[in-house]
Amino acid sequence: MNITDTIHYVGVNDRKKSLFEGLWPIPYGVSYNSYLIEDERIALVDTVDAAFFDRFLAKIRDAIGTRPIDYLVINHMEPDHSGSVKLLRAFYPDMAIVGNKQTLAMVNGYYGEAGNVIEVKDGDELALGRHILSFHLIPMVHWPETMATYSKTERVLFSGDAFGCFGALNGGVMDEGINTDVYWGEMERYYSCIVGKYGSPVQRALTKLSSLDIDVVCPTHGPVWKAEKARVASIYDRLSKYEAEEGVVVAYGSMYGNTEQLAETIAETLSEEGIRNIVMHNLSKSDQSYVLTDIFRYKGLVLGAPTYNGSIFPQMEALLSKLEMREVKNRVFACFGSFTWAGQAVKRLTAFAEKMKFDVAAEPVEMKQGMDANDRERAISLAKAVAGRLKNGRS
Ligand SMILES: Cc1cc2nc3c(=O)[nH]c(=O)nc-3n(C[C@H](O)[C@H](O)[C@H](O)COP(=O)(O)O)c2cc1C
Ligand SMILES: [Fe+2]
Ligand SMILES: [Fe+2]
């Protein structure tokens, strides 16, 4: 599998893992991408999860036979990419590990590999023969040591996790030759779950990398982007600015359906008010990775939950913590909640909105026990206020 005549794809597909990072479902699998640059000297850019080492080594040997690997460039020292470093060193003992200072310290810390390393700084170059590689630090996308490697000879950027997505590769690697439909949603979900906290570093990386003349983007997960590279960059740009389109996510917890009735009333009213994109998530059922993705996509956020053991329904607390962690910004917000004897849910949601500096469009609706006509009216006016705020933003 060739990206260019001299750049070979030697990555692998993982269709066994259920949860990426032990957290995020990957129904379409995931790929760990690694690239071999064949020249007078041979460089490998990143490796794969150690569980796939046999296949990885076979692919390397298919591409370069018995020639040795001279350099292993580590763009991102996270075990999904660096997991094979130690094994690879056993097969290629003379291979120099190329990385920045932080990367090399981590390689030593995780794998005890400290010898035969080449430390590179931002902007440094490494000549392989025809290819000249340059190294560009893009810290916190999404680890501190992250860098991108660029071959100006072929205008190929090896971008690390930046521009990556979930979804194994089903035969083809280059976007031009495959049906990419499945990857767009998986890219938004990957971004929201993995990179979502680091909007500002992603913006800095986009600015920095925009000075390079790039034909092909080779990320560590998902397809290699050529025809669609502008679309990929625009998705990362939009998400990292927390820019959202008109629409509302109504996410709620409910054990017995009372809080859910408020959610239904709110959604129906939003629709009557002309809001077209409405996504409802019952947090006991929806996986949070999809909830996060929809929250990154839409401008309106309405959250509701019952009070539970003097606190808020646990699945809602789990979502709030994920949103706080990602510092989600610029949302039009409203909330609702329920209780039987002493309400806490609405207090927690109100404090959350304050912390997030959201634009709160309406008074919260706090419901004691079952929904009566007054609760219903308050839910309707909450929804009208949210819809009004969103429609004000129409251009
Ligand atoms: C395990 C459990 C703990 C609860 N803890 C509280 C509580 O601390 N304070 C309170 O006012 N209500 C509490 N409730 C009552 C619920 O908030 C109330 O029944 C609410 O109407 C449930 O909404 P739902 O029908 O949407 O699940 C609790 C209910 C359950 C099942
Ligand atoms: Fe990563
Ligand atoms: Fe990764």
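Calculation rules
- Residues numbered from 1 in each chain as written.
- Chains lettered and ligands numbered in written order.
- Predicted model: local features only at pLDDT ≥ 70, side-chain atom pairs only at ≥ 80, totals over all residues.
- Heavy atoms only, no water.
- Axes fitted to C-alpha atoms, helices over the stretch in contact; angles between N-to-C directions.
- Helix = DSSP H or I, 4+ residues; strand = E, 2+ residues; numbered from the N terminus.
- Parallel < 35°, antiparallel > 145°, perpendicular 65-115°, else oblique.
- Contact = heavy atoms within 4.5 Å.
- Domains from an automatic or database assignment.
- Buried area = accessible area lost by both parts, 1.4 Å probe.
- Salt bridge = Lys/Arg side-chain N within 4 Å of Asp/Glu carboxyl O.
- Polar contact = N/O pair within 3.5 Å; in protein donor to acceptor, adjacent residues only side chain to side chain.
- Nonpolar A, V, L, I, M, F, W, Y, C, P; charged D, E, K, R; others polar.
- Donors = N, O, S within 2.8 Å, 3.2 Å for Na, K, Ca; no water.
- Tetrahedral: all angles 85-135°; square planar, octahedral: opposite > 155°, others 65-115°.
- Buried < 20%, exposed > 50% of the residue type's maximum accessible area, 1.4 Å probe, protein only.
- Pairing = 2+ DSSP bridges.
- Core = buried A, V, L, I, M, F, W, Y, C linked by side-chain atoms within 4.5 Å.

Side note on the packing of helix 5 (residues 181-195) against helix 9 (residues 288-297)
Argument step 1. Across the interface, helix 5 lies against helix 9 with an axial gap of 8 Å and an inter-helix angle of 100°. With respect to their mutual orientation, helix 5 and helix 9 come out roughly perpendicular. Two secondary-structure elements touch here, helix 5 through E188, R189, Y191, S192 and C193 and helix 9 through S289, Y290, L292, T293, F296 and R297.

Brief notes about the domain arrangement of the chain
Argument step 1. Looking at the chain, the domain boundaries give domain 1 (7-240) and domain 2 (245-390).
Argument step 2. The C-alpha centroid of domain 2 is placed 38 Å from the C-alpha centroid of domain 1.
Argument step 3. Each partner contributes to the interface: domain 1 provides 11 residues, whereas domain 2 provides 11 residues.
Argument step 4. Between domain 1 and domain 2, a total of about 1100 Å² is buried, with carbon and sulfur atoms accounting for 54% of that surface.
Argument step 5. For the pair domain 1 and domain 2, the interface holds two salt bridges.
Argument step 6. Our enumeration of links across domain 1 and domain 2 arrives at six residue pairs in polar contact (both at pLDDT 80 or more).
Argument step 7. Of all elements in the fold, only strand 4 (24-25) and helix 5 reach the threshold of two or more residues within the side of domain 1 that touches domain 2.
Argument step 8. Per-class residue counts for the side of domain 1 that touches domain 2 are six nonpolar, two polar and three charged.

Quick notes on the coordination of the iron ion (ligand 2)
Argument step 1. Protein coordination of the iron ion (ligand 2) is provided by H76 (NE2), E78 (OE), H142 (NE2) and D161 (OD), with donor distances spanning 1.9 to 2.2 Å.
Argument step 2. Geometry at the iron ion (ligand 2) is irregular, judged from the four donor atoms that bind it and their angles of 85 to 174° at the metal.
Argument step 3. Expressed as a motif, the donor residue spacing for the iron ion (ligand 2) is H-x1-E-x63-H-x18-D.
Argument step 4. Classification of H76 by relative accessible area gives buried; the value is 0%.

Some points on the sheet that holds strand 12 (residues 132-137)
Argument step 1. If you trace the five strands from one edge of the open sheet to the other, you get 11-12-13-14-15, paired in mixed fashion. The open sheet is flanked by strand 11 (125-127) and strand 15 (216-219), the only strands paired with a single partner. Each adjacent strand pair in this sheet contributes to an overall mean axis angle of 20°, direction not counted.
Argument step 2. Of the pairings in the sheet, the one linking strand 12 to strand 13 (residues 147-151) comprises five bridges and is antiparallel in character. Within strand 13, the residue paired with H136 across the bridge is A148.

Observations concerning the environment of Y198
Argument step 1. With respect to the helices and strands, the residue Y198 is situated in the loop between helix 5 and helix 6 (199-209).
Argument step 2. In the structure, Y198 is positioned 55 residues away from W143 in sequence and 9.4 Å away in space, judged by C-alpha atoms.
Argument step 3. Apart from the residues lying within four places of it in its own chain, the contact partners of Y198 are M140, H142 and Y191.

A closer look at the pairing of strand 22 (residues 365-368)
Argument step 1. Only one face of strand 22 is buried, namely the one carrying V365 and M367, since none of E366 and K368 on the opposite face is buried.
Argument step 2. Bridge count for strand 20 (residues 332-339) against strand 22 is four bridges, and the pairing is parallel. In the sheet register, S338 faces strand 22, and the bridge partner there is M367.

With respect to the nonpolar core
Argument step 1. Counting residues in each nonpolar core, the largest one holds 112 residues, and the members touching the most others are I3, I60, L303, L319 and L323.
Argument step 2. If one sorts the elements of this core by residue count, helix 5 sits on top with eight residues.
Argument step 3. When residues of this core are assigned to domains, at least three map to each of domain 1 (7-240) and domain 2 (245-390).
Argument step 4. Once you skip the residues sitting within four places of it in the chain, L319 turns out to touch A251, L283, Q288, V291, L292, I295 and L303.
Argument step 5. By size, the runner-up hydrophobic cluster in this structure holds 22 residues, among which are Y252, L270, A383 and L390.

Section: the coordination of the iron ion (ligand 3)
Argument step 1. Only D80 (OD), H81 (NE2), D161 (OD) and H221 (NE2) from the protein reach the iron ion (ligand 3) as donors, at distances of 2.1 to 2.4 Å.
Argument step 2. Here the iron ion (ligand 3) is ringed by four donor atoms whose angles at the metal span 79 to 165°, and the overall shape comes out irregular.
Argument step 3. Ordering the donors of the iron ion (ligand 3) by residue number gives the pattern D-H-x79-D-x59-H.
Argument step 4. A separation of 3.2 Å is found between the iron ion (ligand 3) and the iron ion (ligand 2), both of which receive a donor from D161. Of this pair, D161 sits in the loop between strand 14 (156-160) and helix 5 while H221 sits in the loop between strand 15 and helix 7 (229-240), placing them 60 residues apart in sequence. Across the pair, exposure class does not vary: D161 and H221 are buried alike.

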